[in-house]
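Tertiary structure, described
Residue strings, one per chain:
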Amino acid sequence: ERAEIVSELRATLIHGLDLKRAEKVLHSLQDDLLVPSGLYLNGGLSHFGDESKLSPEIAGLVTRADGSDITERDRKKVETWLAAMTQVTEFSMGALKPADSPEFLPIGSEDNE
């Protein structure tokens, strides 16, 4: 049984955006685009708190909720949505790859075969 095809999403939000507003962008992505399209983001927000020198980021793997492969069309749909969001300063949607690709596995987990 092969792993489903997924795409890695990284979206940098405006520097200094507070958690509440960053969560609003994330929820909008999920509610307005991903869920109606049958997609799921296995990930979330990072880089928060007053100590963070980094801009907030939405990151994770975009998968199909039913476990089937995401398509190039799904990937483009997400890119188009991100490009239209004023709170997103830059983003990338990685090439379509199997979910069990080595770069998606947590560090050290490949030893547990």
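The structure under discussion appears in the preceding block.
In what follows, the accompanying structure is described. Predicted, not measured: the structure shown is a model, and the values here were computed from it.

As a further point, take helix H1 (residues 19-34). Within the sequence span of H1, burial applies to Ala22, Val25, Leu26, Ser28, Leu29, Leu33 and Leu34. Buried residues of H1, viewed axially, fall in a sector of 155 degrees; they line one side. Of the residues in H1, the exposed ones pointing more than 90 degrees away from the buried face are Lys20, Lys24, Asp31 and Asp32. Summarising the contacts, the buried residues of H1 are in contact with strand S1 (5-13), strand S2 (39-46), strand S3 (57-64) and helix H2 (72-84).

With respect to the helices and strands, the residue Leu41 is situated in strand S2. When residues no more than four places from it in sequence are discounted, the contact partners of Leu41 are Leu26, Leu29, Leu34, Ile58, Ala59, Gly60, Leu61 and Val62.

Before going further, it helps to spend a moment on the pattern of salt bridges. Following the criterion strictly, the structure yields eight salt bridges and no others. With its nearest N and O atoms 2.9 Å apart, the salt bridge here joins Arg10 to Glu57. With Arg10 in strand S1 and Glu57 in strand S3, this pair connects stretches of sequence that are 47 residues apart. The exposure class assigned to Arg10 is partly exposed, which follows from its relative accessible area of 37%. Taking the relative accessible area as the measure of exposure, Glu57 reaches 11% and is therefore buried.

Moving on, we get to the packing of H1 against H2. Contact geometry of H1 with H2 gives a least axis separation of 11 Å together with a crossing angle of 135 degrees. It follows from the interaxial angle that H1 and H2 lie oblique. Considering the relative orientation of H1 and H2, their crossing is right-handed. Along the contact surface, H1 presents Val25, Ser28, Leu29, Asp32, Leu33 and Leu34, while H2 presents Lys77, Val78 and Trp81. Across the contact of H1 with H2, the residue classes tally to six nonpolar, one polar and two charged.

Criteria and cut-off values
- Residues numbered from 1 in each chain as written.
- Predicted model: local features only at pLDDT ≥ 70, side-chain atom pairs only at ≥ 80, totals over all residues.
- Heavy atoms only, no water.
- Buried < 20%, exposed > 50% of the residue type's maximum accessible area, 1.4 Å probe, protein only.
- Helix = DSSP H or I, 4+ residues; strand = E, 2+ residues; numbered from the N terminus.
- Arc of directions from axis to C-beta.
- Contact = heavy atoms within 4.5 Å.
- Salt bridge = Lys/Arg side-chain N within 4 Å of Asp/Glu carboxyl O.
- Axes fitted to C-alpha atoms, helices over the stretch in contact; angles between N-to-C directions.
- Parallel < 35°, antiparallel > 145°, perpendicular 65-115°, else oblique.
- Left-handed = near helix turned anticlockwise from the far one by under 90°.
- Nonpolar A, V, L, I, M, F, W, Y, C, P; charged D, E, K, R; others polar.

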